[in-house]
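Architecture and fold: a report
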Amino acid sequence: MIDRAALKLEAKDVLRGALVSPYLFTLLCLAVSLVMNGIDEYTSLPARIADLAQVDPQLVLGLPPFLRNASFPRLPAMFIDVLSLLLTVTLGAGASLYHLGIRRGEEMPYSTLFDGFGMVGRVVALGLLRALLIYLWSMLFIIPGIIAAYRYRFAMYNLLEDPELSPLDALRMSRVQTSGFKGELFLLDLSFLGWIALTLVTFGLLSIWFAPYYQQTDVGYFQAIKRIKGIGRFPGEDGPGGEDPFAPRY
């Protein structure tokens, strides 16, 4: 069993010692996401209103004129919808890079949020493959889908720590790393239910504090499980001659 309480305390210490504020970093991430989602909602609104008109025209007539008469071509709106999804995955990788870095005691500037674009092809490919695998398992039943989500939970961390990995290798490595630890990861998530409830009550405002705490604890579990399994990489901990003692094995 991993000492969850100790890792949570360690996560708080890491956040307190970060050279760049994790809370301002999260605020930047939320601001960028809000702008992206706003553009996405604006461009897709006419299509939604058109669909609503087919269901109940009276509901559309009750909308304000600036909404009722809104227009935007459906094809560009679909393109922006897909683009917003891909940007979300890439910015999520940037946030993970930040948290991996501050755990190593490195100074991770606010621009780290956009570092995922340097390997956008593999980041997006991994995000799509992971989503596809979880979806396929979910088709069997909801429980296999949840298990798959935990199985591939560390795939993005693996890719970010070793950019030479292929997306498939990162997924395979996560599968081996999480074997025997899915239950502990599930209990970890359950331990944050109170934070999640408070975040919902505050309309997401509390996520500025909760999101860094949660992700840094998750990174702590990732590092702890890597050490137990001896599978993965530990950047900055090379052995004699520059050979990494934690070379990938899966």
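Thresholds applied
Residues numbered from 1 in each chain as written. Predicted model: local features only at pLDDT ≥ 70, side-chain atom pairs only at ≥ 80, totals over all residues. Heavy atoms only, no water. Axes fitted to C-alpha atoms, helices over the stretch in contact; angles between N-to-C directions. Helix = DSSP H or I, 4+ residues; strand = E, 2+ residues; numbered from the N terminus. Parallel < 35°, antiparallel > 145°, perpendicular 65-115°, else oblique. Left-handed = near helix turned anticlockwise from the far one by under 90°. Contact = heavy atoms within 4.5 Å. Nonpolar A, V, L, I, M, F, W, Y, C, P; charged D, E, K, R; others polar. Salt bridge = Lys/Arg side-chain N within 4 Å of Asp/Glu carboxyl O. Buried < 20%, exposed > 50% of the residue type's maximum accessible area, 1.4 Å probe, protein only. Expected span 1.5 Å × (residues − 1). Arc of directions from axis to C-beta. Phe/Tyr/Trp six-rings, centres within 6.5 Å; stacked < 30°, edge-to-face > 60°. Patch = residues over 30% accessible without salt bridge, like charges linked within 9 Å, V, L, I, M, F, W, Y side chains within 5 Å. Areas by Shrake-Rupley, 256 points an atom, 1.4 Å probe, with all protein chains shown as cover. pLDDT = per-residue confidence, 0-100.

Turning to the packing of helix H1 (residues 4-17) against helix H12 (residues 207-229), a few remarks are in order. At their nearest, the axes of H1 and H12 sit 8 Å apart, and the two run at 120° to each other. Of the possible angle classes, the one that applies to H1 and H12 is oblique. For the pair H1 and H12, the crossing hand works out as right-handed. Counting all contacts with H1, which are made through Arg 4, Leu 7, Lys 8, Ala 11, Lys 12, Val 14 and Leu 15, the residues of H12 involved are Pro 212, Tyr 213, Gln 216, Thr 217, Gly 220, Tyr 221 and Ala 224. Broken down by class, the residue content of the contact of H1 with H12 amounts to eight nonpolar, three polar and three charged.

This part covers the side chain of Thr 90. If you trace the backbone, Thr 90 turns up in helix H5 (residues 74-103). Beyond its immediate stretch of four places on either side in the chain, Thr 90 contacts Leu 113, Gly 116, Phe 117, Val 120, Val 123 and Val 124.

Taken as a whole, this structure holds eight salt bridges when the rule is applied. Among the ionic pairs, Glu 106 bridges to Arg 104, the shortest N-O distance being 3.0 Å. By relative accessible area, which is 35% here, Arg 104 ends up partly exposed. Residues Glu 161 and Lys 226 are paired through a salt bridge, measuring 2.5 Å at the closest nitrogen-oxygen approach. Of this pair, Glu 161 sits in helix H8 (residues 155-161) while Lys 226 is found in helix H12, placing the two residues 65 residues apart along the sequence.

Their axes nearest at 9 Å, the elements H5 and helix H6 (residues 120-140) cross at an angle of 110°. Here H6 runs roughly perpendicular to H5, going by the angle between their axes. Along the contact surface, H5 presents Leu 86, Val 89, Thr 90 and Ala 93, while H6 presents Val 120, Val 123, Val 124 and Gly 127. Of the residues contributing to the contact of H5 with H6, the split by class is six nonpolar, two polar and no charged.

With that settled, the discussion passes to H6. Between its terminal C-alpha atoms H6 stretches 31 Å, which fits the 30 Å expected from 21 residues at 1.5 Å a residue. Those residues of H6 lying buried are Val 123, Val 124, Leu 126, Gly 127 and Ile 134. The buried residues of H6 all sit within an arc of 160° when viewed along its axis, so they share a single face. Along H6, exposed side chains directed more than 90 degrees from the buried face belong to Met 139 and Leu 140. The secondary structure elements touched by the buried residues of H6 are H5, helix H7 (142-151), H8 and helix H9 (167-178).

All right, on to the packing of aromatic side chains then. What describes a pair of aromatic rings is the distance from one ring centre to the other and the angle between the planes of the rings. Evaluation of the coordinates by the stated rule reveals eleven aromatic pairs. Ring centres 4.1 Å apart and planes at 10° place the aromatic pair Phe 25 and Tyr 98 in the stacked group. Here Phe 25, found in helix H2 (residues 22-55), pairs with Tyr 98, found in helix H5; they are 73 residues apart in sequence, far enough to count as distant. With a relative accessible area of 0%, Tyr 98 lands in the buried category. Summarising the aromatic geometry, the rings of Trp 195 and Phe 210 are spaced 5.8 Å apart at their centres and angled 20° between planes, so their arrangement reads as stacked. You can see Trp 195 sitting in helix H11 (residues 193-201) and its partner Phe 210 sitting in helix H12, a full 15 residues away along the chain. Residue classification places Trp 195 among the partly exposed positions, given a relative accessible area of 31%. Connected via pairs of aromatic rings, a cluster forms that spans Phe 192, Trp 195, Phe 210, Tyr 213 and Tyr 214.

What follows deals with a nonpolar patch on the surface. There is a patch of nonpolar side chains on the surface, built from Trp 137, Leu 140, Phe 141, Ile 142, Ile 143, Ile 146 and Ile 147 and spanning about 690 Å² of accessible area. The set of elements that each furnish at least two residues to the nonpolar patch consists of H6 and H7. Looking at the nonpolar patch element by element, the count peaks at four residues for H7. As for its position among the elements, Ile 142 is in helix H7. Taking relative accessible area as the criterion, Ile 142 reaches 54% and is therefore assigned exposed.

Turning to the confidence of the model for the protein, a few remarks are in order. Scored by pLDDT, the protein has a mean of 86; 85% of the residues are at 70 or more. The low-confidence segment residues 238-250 (pLDDT under 50) makes 29 contacts with residues lying over four places distant or belonging to another chain.

What follows concerns unusual backbone geometry. One non-glycine residue, Phe 203, lies in the positive phi region at around 55°. Among the secondary structure elements, Phe 203 is positioned in the loop between H11 and H12.

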